[in-house]
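Residues per chain are reported as follows:
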Amino acid sequence: MLRRNIAAVILGLITGTLLLLSGYSNPIDYSSYILLAWNLLNLPSQYLPIALFANAVLQWLGSFGGLTVIAGALLVVAKIQRIGRWFIGIGAGMSLLTLVWRLVREFMGLAPPGSALDLFNGIIGLAVVLAIITEELIVVEGKI
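What you see is a predicted model, and the numbers here were worked out from it, not measured in a lab.

Colleague: Please set out a nonpolar patch on the surface residue by residue, giving values where relevant.
Modeller: Taken together, the side chains of Leu96, Val100, Val104, Phe107, Met108, Leu110 and Ile132 make up a nonpolar region of the molecular surface, amounting to roughly 700 Å² of accessible area. Structurally, the position occupied by Val104 is in helix H5 (residues 81-107).

Now the structure itself:
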């Protein structure tokens, strides 16, 4: 258990550094997509503020890019594995959403051809894979 968490911390620090070196931060605001989905699915309007607040919190954490992943790794060192794993998951999830959005934009012709596959996106892609592996490596105390 301890070895897996040590490996996860080292991998988390590497992942966060890669995200920082690539200049990654989540530039996409998902609130308009939440509103669209909310209206299409005809969900109760009294819960919309909760969804938008949760989006704002995730957007804020995702805007720090690699720092969120590094903070998650440091929380694992501090024996706060659940929250550390959650932070790393936010970093991985927001990175993955940004990559997918870039690919969709290029596919739809909204971005120059090849722009989604440049060097920095390759680093972000590698960092996303490493962040997902890091998140899966973390063992929360009391669970195996």
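Colleague: Tell me about the environment of Leu97, residues and numbers included.
Modeller: Residue position: Leu97 is located in helix H5. Separated by 31 residues in sequence, Leu97 and Val128 place their C-alpha atoms 10.0 Å apart.

Colleague: Go over the packing of helix H3 (residues 48-62) against H5, please, and point to the residues and values.
Modeller: Interaxial distance between H3 and H5 falls to 9 Å at its minimum, and their mutual angle equals 85°. One way to sum up the angle between H3 and H5 is to call them roughly perpendicular. Contacts between H3 and H5 involve Leu58, Gln59, Leu61 and Gly62 on the former and, on the latter, Trp86, Phe87, Ile90 and Met94. Along the lines of polarity and charge, the residues of the contact of H3 with H5 split into six nonpolar, two polar and no charged.

Colleague: Go over the confidence of the model for the chain with me, naming the residues and quoting the values.
Modeller: Per-residue confidence for the chain gives a mean pLDDT of 80; residues scoring 70 or more make up 84%. Confidence, read as mean pLDDT per element, is least for helix H6 (residues 119-137) in the chain (76) and greatest for helix H4 (residues 66-77) (89).

Colleague: Explain the side chain of Thr15 to me, and be specific about the residues and the numbers.
Modeller: If you trace the backbone, Thr15 turns up in helix H1 (residues 2-21). With residues up to four places along the chain from it excluded, the contact list for Thr15 reads Val69, Ala127, Leu130, Ala131 and Thr134.

Colleague: Which residues make up the nonpolar core, and what values do they have?
Modeller: Counting residues in hydrophobic clusters, the biggest one holds 17 residues, and the most contacted among them are Leu19, Ile88, Ile124 and Ile138. The contact partners of Ile88, leaving out residues within four places of it in the chain, are Val69, Gly72, Ala73, Ala131, Thr134, Glu135 and Ile138. Ranked by size, the runner-up nonpolar core spans five residues in total, among them Tyr30, Phe87, Ile90 and Met94.

Colleague: Tell me about the packing of helix H2 (residues 31-40) against H3, and please be specific about residues and values.
Modeller: Contact pair H2 / H3: the axes reach a minimum separation of 10 Å and the direction vectors enclose 155°. Looking at the two axes, H2 sits roughly antiparallel to H3. By crossing handedness, the relation of H2 to H3 is classed as right-handed. Contacts from Ser31, Ile34, Leu35 and Trp38 in H2 reach Leu48, Ala51, Leu52 and Asn55 in H3. Looking at the contact of H2 with H3 residue by residue, the class counts come to six nonpolar, two polar and no charged.

Parameters at a glance
- Residues numbered from 1 in each chain as written.
- Predicted model: local features only at pLDDT ≥ 70, side-chain atom pairs only at ≥ 80, totals over all residues.
- Heavy atoms only, no water.
- Patch = residues over 30% accessible without salt bridge, like charges linked within 9 Å, V, L, I, M, F, W, Y side chains within 5 Å.
- Areas by Shrake-Rupley, 256 points an atom, 1.4 Å probe, with all protein chains shown as cover.
- Salt bridge = Lys/Arg side-chain N within 4 Å of Asp/Glu carboxyl O.
- Helix = DSSP H or I, 4+ residues; strand = E, 2+ residues; numbered from the N terminus.
- Axes fitted to C-alpha atoms, helices over the stretch in contact; angles between N-to-C directions.
- Parallel < 35°, antiparallel > 145°, perpendicular 65-115°, else oblique.
- Contact = heavy atoms within 4.5 Å.
- Nonpolar A, V, L, I, M, F, W, Y, C, P; charged D, E, K, R; others polar.
- pLDDT = per-residue confidence, 0-100.
- Core = buried A, V, L, I, M, F, W, Y, C linked by side-chain atoms within 4.5 Å.
- Buried < 20%, exposed > 50% of the residue type's maximum accessible area, 1.4 Å probe, protein only.
- Left-handed = near helix turned anticlockwise from the far one by under 90°.

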